[in-house]
Every structure is written in C-alpha cells, then in structure tokens.
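Descriptive analysis of the structure
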Amino acid sequence: VPTHFLRTGKWRLQAMVDAGGMPSSHSALCMGLTTAVAMQHGLSSSMFPVSLGFSLIVMYDAAGVRRHAGKQAEVINKIVADCLMDHEAWKSLDFQKPLKEVLGHTPLQVIAGAVLGVVVGVAYAHYFGTRL
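First, a word on what this report is: a plain description of the structure on this page. (Residues numbered from 1 in each chain as written. Predicted model: local features only at pLDDT ≥ 70, side-chain atom pairs only at ≥ 80, totals over all residues. Heavy atoms only, no water.)

**A closer look at the overall build of the chain**
For the record, the criterion: Here a strand is any run of E in DSSP of at least two residues, a helix any run of H or I of at least four, and the numbering for each starts at the N terminus. Three labels apply to residues, based on accessible area from a 1.4 Å probe with only protein chains included: buried if under 20% of the type maximum, exposed if over 50%, partly exposed otherwise in between. Working rule for contacts: check all heavy atoms of both residues, and any pair within 4.5 Å makes them a contact.
In terms of regular secondary structure, the chain is built from 5 helices and 0 strands. Put simply, the chain has 132 residues, and 27% of those count as buried. In the chain, the proportion of contacts linking residues at least 24 apart, taken out of those at least 6 apart, comes to 73%.

As structure tokens, this is what we get:
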C-alpha cells in the first residue's frame, strides 16, 4: 500500500490482498514467525529449524514457482490477445477475462520482506521483553 502511494500518489487498499508487490508479506510473516520462535525458544529448540524450513519453502515458492506462473499467464494472455480474441469459439466462452499476471515476487521483494519480518520480530520481542 505505501509503495503504491509513493509511486502514484493514490492510496489503493486493494493492494493489501493482491499477490505480488514490495515487500513480500509472505516472507515478512514467515521470517517474523521464525524470529519469534528463535527469540522465545532459542536457536537450539527443535521448533526453530522447522519454522526456518517452512519460511524458506514459502519464500522459494513466492520468488520461484508463483513468479514463473505469473510469467506463463503473461504469455497466455498475449497468445489469446493475438490469436483468439476475434475467433468465434472464444467469443462464445463465458471466461474472457485475462489471467492475473502478477502472482509472485522478485528476489529483492522476498529479501525485503524477510528483513522486514526479522526487524518486526526483534522489535516486538524487545518491546515485550522476550529473551534471546
């Protein structure tokens, strides 16, 4: 929401539930959780590697699989626009809305989300007196 405002000068609350964008909220949430587990239970806790593994899988998915699915949607939308839009069979279909192209995150967006999650997790733990 803030990055959209900085670019356009307009608030767009719909961006809070859209996929993609800066920073990755998935990465921020997962790394915030991992940081909280590390600070509450310690790095030697069995919960820490489980939480870290979960976070890494989510971040890989956001920057890899979902990003590539968005790129495929972009190609499919171009094929439809170039080849099928005027075809009678296409016009008879109920589904003529383009596929959503922004699904994943760039690596920078994922890293920014991860850093934000760690910072918020540490700040929260510090404020509420959680041990390291």
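Right, picking up where we left off after that structure.
**Some thoughts on the nonpolar core**
The criterion, for reference: Among buried residues, those of type Ala, Val, Leu, Ile, Met, Phe, Trp, Tyr and Cys that are joined through side-chain atoms within 4.5 Å constitute a nonpolar core.
By size, the foremost hydrophobic cluster in this structure holds 5 residues: Met-31, Met-59, Ala-62, Val-110 and Ala-114. Those elements giving two or more residues to this core turn out to be helix 3 (47-84) and helix 5 (107-127).

**Notes on a nonpolar patch on the surface**
Inclusion rule: Patch membership requires over 30% relative accessible area and the absence of a salt bridge. Like charges are linked within 9 Å, and nonpolar side chains (Val, Leu, Ile, Met, Phe, Trp, Tyr) within 5 Å. The protein chains shown are the only cover counted for residues, whose accessible areas, like all others here, come from Shrake-Rupley with a 1.4 Å probe. In what follows, salt bridge is the name for a side-chain nitrogen of Lys or Arg lying within 4 Å of a carboxyl oxygen of Asp or Glu.
Where nonpolar side chains cluster on the molecular surface, the patch consists of Ile-111, Val-115 and Val-119 and spans about 270 Å² of accessible area. For Ile-111, a relative accessible area of 52% translates into the label exposed.

**Let's talk about the packing of helix 2 (residues 25-41) against helix 5**
Formally: In this description, a line fitted to the C-alpha atoms serves as the axis of each element, helices being fitted only across the stretch in contact, and the angle between N-to-C directions of two axes falls anywhere from 0 to 180 degrees. When the near helix sits turned anticlockwise from the far one by under a right angle, the crossing is termed left-handed; a clockwise turn instead gives a right-handed crossing.
Here helix 2 crosses helix 5 at 35°, and the two axes come no closer than 7 Å. Like other packed secondary-structure pairs, helix 2 and helix 5 cross with a definite hand, here right-handed. Every residue of helix 5 that contacts helix 2 at Ser-27, Ala-28, Met-31, Gly-32, Thr-35 and Met-39 is listed here: Val-110, Gly-113, Ala-114, Leu-116, Gly-117, Val-118, Gly-121, Val-122 and Ala-125.

**A short note on the environment of Ala-73**
Relative to the assigned elements, Ala-73 resides in helix 3. According to the relative accessible area criterion, Ala-73 is buried, its value standing at 6%. Sequence spacing of Ala-73 and Pro-98 is 25 residues, and the spatial spacing of their C-alpha atoms is 8.4 Å.

**As for the environment of Ala-63**
As for its placement among the helices and strands, Ala-63 is situated in helix 3. With relative accessibility at 22%, the residue Ala-63 sits in the partly exposed group. Between the alpha carbons of Ala-63 and Ser-24 there is a distance of 9.3 Å; along the sequence they are 39 residues apart.

**Points about helix 2**
Just so we agree on the cut-off: By this rule the span expected of a helix is its residue count minus one, scaled by 1.5 Å.
Helix length check: helix 2, at 17 residues, gives a terminal C-alpha distance of 24 Å against a target of 24 Å (1.5 Å per residue), a fit within 8%. When helix 2 is considered as a whole, its buried residues turn out to be Ser-27, Ala-28, Cys-30, Met-31, Gly-32, Thr-34, Thr-35, Val-37, Ala-38 and Met-39. Where helix 2 ends, the next residue or the one after it, Gly-42, has phi of about 90°, a positive value.

In short, the description is geometric, and any link to function would need to be established separately.
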